[in-house]
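# Coordinate inspection notes
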Amino acid sequence: MAAQLDIPRPSEISQLLRGETEVISGWSQRWSAGRLILHLAIIVVGAGLYGATMGGWRAPEQALFVAIKFPLIILLVMAGNALINGLLAPLLGLGIRFYQSFSAIMMSFTVTSAILGAFSPVMAFLIWNAPSMGSKASTESTYCLILLAHVAVIALAGITGNARLLQLLVRLSKNRAIALRVMCAWLTGNLFLGTQLTWILRPFIGSPTLPVEFLRANAFHGNFYETVFRSFQEILNH
């Protein structure tokens, strides 16, 4: 289907965030280049602003690096899952075309990125009031607390974005069981692809004992889940 060069109205952003499924399902029925550009812009700006707050505690250069890497991760996960899920959806009983699958996933990540962008001032305020990384007042517990705060905010944004996606899938499939089945498959892909890409493209918050850099030399060493588990242990031990 040929892309239409129509310019979406600004009100479409609020309709997407409110989860107006009747309107959103209509968007997924036809490809729109203008809407694609709008959603990509929200993803880049929202995730970029949040990425800057993640790296800002370490150094301005780290903030710039993460502002580039964080939207890149979301776009890579979105593209990878669109390819995988475009094949999985029909096998799981959801008869939609590839561009509909891609549109649904993109709208989910758009909602997630918009929420992250809205949370960026809150996280920037938290970091502003935290001791400088590497100072005597900054402890391992402070680092773990900020790390877990970021994990919680990203999880909240992801859950909200996927809740909007579930509403859309239910409307497209007319069957909640099929929608839940497809949703679980898509979430599994998001989880494993997203966490692996996040680990490979670290650092994000950075470390005072390591140099500021775009990628670690040992990018393939360890995994995301070990770090989160150790952070919980550190909090519980204090």
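The residue count restarts for each chain, going from 1 along the sequence in the order it is written. Residues qualify for local features only when their pLDDT is at least 70, as the model is predicted, and side-chain atom pairs are given and counted only at 80 or more; totals for whole chains, interfaces and linings, by contrast, use all residues. Each side-chain value is derived from all of the structure's non-hydrogen atoms; neither hydrogens nor water enter the calculation.

Runs of H or I in DSSP of at least four residues are treated as helices and runs of E of at least two as strands, each being numbered from the N terminus. Secondary structure assignment for the chain yields eight helices and zero strands. Helices (α) and strands (β) of the chain occur, in sequence order from the N terminus, as α-α-α-α-α-α-α-α. Here the chain holds 238 residues, and the buried ones make up 46% of them. Counting only contacts in the chain whose residues sit at least 6 apart along the sequence, the fraction spanning at least 24 positions is 74%. Accessible surface for the chain amounts to roughly 12,100 Å². Of this, 70% is attributable to carbon and sulfur atoms. Across the chain, 16 positive and 9 negative side-chain charges occur, with their mean positions spaced 7 Å apart. Buried, partly exposed and exposed residues are distinguished by accessible area as a fraction of the type maximum, computed with a 1.4 Å probe on protein chains only: under 20%, between the cut-offs, and over 50%, respectively. Contacts were defined at the residue level, with two residues in contact if any of their heavy atoms lie within 4.5 Å. Methods summary: accessible areas were calculated by the Shrake-Rupley approach with a probe of 1.4 Å, and residue burial reflects only the protein chains presented. Neither His nor the chain ends is counted toward charge; the positive residues are Lys and Arg and the negative residues Asp and Glu. To locate a charge, the coordinates of NZ of Lys, CZ of Arg, CG of Asp or CD of Glu are taken.

Here helix α4 (residues 60-91) contains 32 residues, and its C-alpha end-to-end distance of 47 Å stays within 8% of the 46 Å for a straight helix at 1.5 Å per residue. Most pronounced at N85, the bend in α4 amounts to some 35°. Where α4 terminates, the next one or two residues include G93, which has phi positive at roughly 100°. In a helix, the anticipated span is given by 1.5 Å times the number of residues less one. Fitting one axis to the seven residues ending at a residue and another to the seven starting there, the bend at that residue is the angle between the two axes.

Attention now moves to helix α2 (residues 21-28). Given 3.6 residues per turn, any residue in an α-helix points the same way as the ones three and four places further on. Of all the positions in α2, only I24, S25, W27 and S28 are classed as buried. Viewed end-on, α2 has its buried residues packed into an arc of 155°, placing them on one side of the element. Looking at the buried positions of α2, the neighbouring elements they touch are α1 (11-18), α3 (33-56), α5 (98-129) and α6 (140-173). An arc is given here, and it is the one of the directions from the helix axis to the C-beta atoms.

Before going further, it helps to spend a moment on the side chain of S108. Its place among the elements puts S108 in helix α5. With near-sequence residues (within four places) excluded, S108 lies in contact with G161, N162 and L165.

Attention now goes to the environment of R97. As for its position among the elements, R97 is in the loop between α4 and α5. Classification of R97 by relative accessible area gives exposed; the value is 55%.

A word on the nonpolar core. Nonpolar side chains tend to gather and get buried jointly when the protein is soluble and globular. Nine residue types can take part in a nonpolar core, namely buried Ala, Val, Leu, Ile, Met, Phe, Trp, Tyr and Cys, and a core is a set of them joined through side-chain atoms within 4.5 Å. Formed by 42 residues in total, the largest nonpolar core has its most connected members in F70, L94, L169 and W186. Elements with a contribution of two residues or more to this core: α2, α3, α4, α5, α6 and α7 (176-200). Broken down by element, this core gets its largest block of residues, 10 residues, from α5. If you look at the next biggest cluster of nonpolar residues, it comprises seven residues, including W57, I127, I146 and L147.

Each patch groups residues whose relative accessible area exceeds 30% and which form no salt bridge, using 9 Å between like charges and 5 Å between nonpolar side chains of Val, Leu, Ile, Met, Phe, Trp and Tyr. The rule for a salt bridge is simple: a side-chain nitrogen of Lys or Arg has to be within 4 Å of a carboxyl oxygen of Asp or Glu. Residues V44, V45 and L49 make up a contiguous nonpolar surface patch of roughly 250 Å² in combined accessible area. Considering the arrangement of structural elements, one finds V45 in helix α3.

Within the fold, T195 resides in helix α7. Residues in contact with T195, not counting those within four places in the same chain, are N190, F224 and Y225.

At the junction of R202 and P203, the peptide bond is cis and its omega measures out at 10° in the coordinates. Residue placement: P203 occurs in the loop between α7 and α8 (224-236). Non-glycine residue K174 carries a positive phi angle of around 65°. Along the chain, the position of K174 falls in the loop between α6 and α7.

On to the packing of aromatic side chains. To pair, rings of Phe, Tyr and Trp, with the six-membered ring standing in for Trp, must have centres within 6.5 Å; the planes then decide the type, stacked if under 30 degrees apart, edge-to-face if over 60, and tilted in the middle. Applying the stated rule across the entire model yields three aromatic pairs. To sit over a ring, a charge needs its Lys NZ or Arg CZ within 6 Å of the ring centre and within 35 degrees of the ring normal. Across the ring face of F204, the terminal group of K69 is positioned such that the distance to the ring centre comes to 5.0 Å. Above the plane of the ring of W199 lies R202, whose end atom (NZ or CZ) is 4.0 Å from the centre.

Interaxial angles span 0 to 180 degrees and are taken between N-to-C directions of axes, which are lines fitted to C-alpha atoms, for helices over the stretch in contact. Relative to each other, α7 and α8 sit at 80°, their axes nearing to 9 Å. Comparing their axes, α8 and α7 come out roughly perpendicular. Mapping the contact onto sequence places L191, F192, T195 and W199 in α7 and F224, Y225 and T227 in α8. Among the residues making up the contact of α7 with α8, the classes are represented as five nonpolar, two polar and no charged. Roughly parallel here means an angle under 35 degrees, roughly antiparallel means over 145, roughly perpendicular means 65 to 115, and every remaining angle is called oblique. All amino acids are sorted into three groups, where Ala, Val, Leu, Ile, Met, Phe, Trp, Tyr, Cys and Pro are nonpolar, Asp, Glu, Lys and Arg are charged, and the leftover types, Gly among them, are polar.

What follows is about the pattern of salt bridges. Here the structure, examined in full by the defined rule, presents three salt bridges. Residue R18 is joined to E20 by a salt bridge in which the shortest nitrogen-to-oxygen separation is 2.5 Å. A residue is classified by how much of its surface remains accessible, and R18, at 48% relative accessible area, is partly exposed. Residue E20 is classed as partly exposed on the basis of its relative accessible area, which comes to 26%. Two residues, E213 and R216, come together in a salt bridge whose shortest N-O distance is 2.7 Å. By relative accessible area, R216 is classed as buried at 11%.

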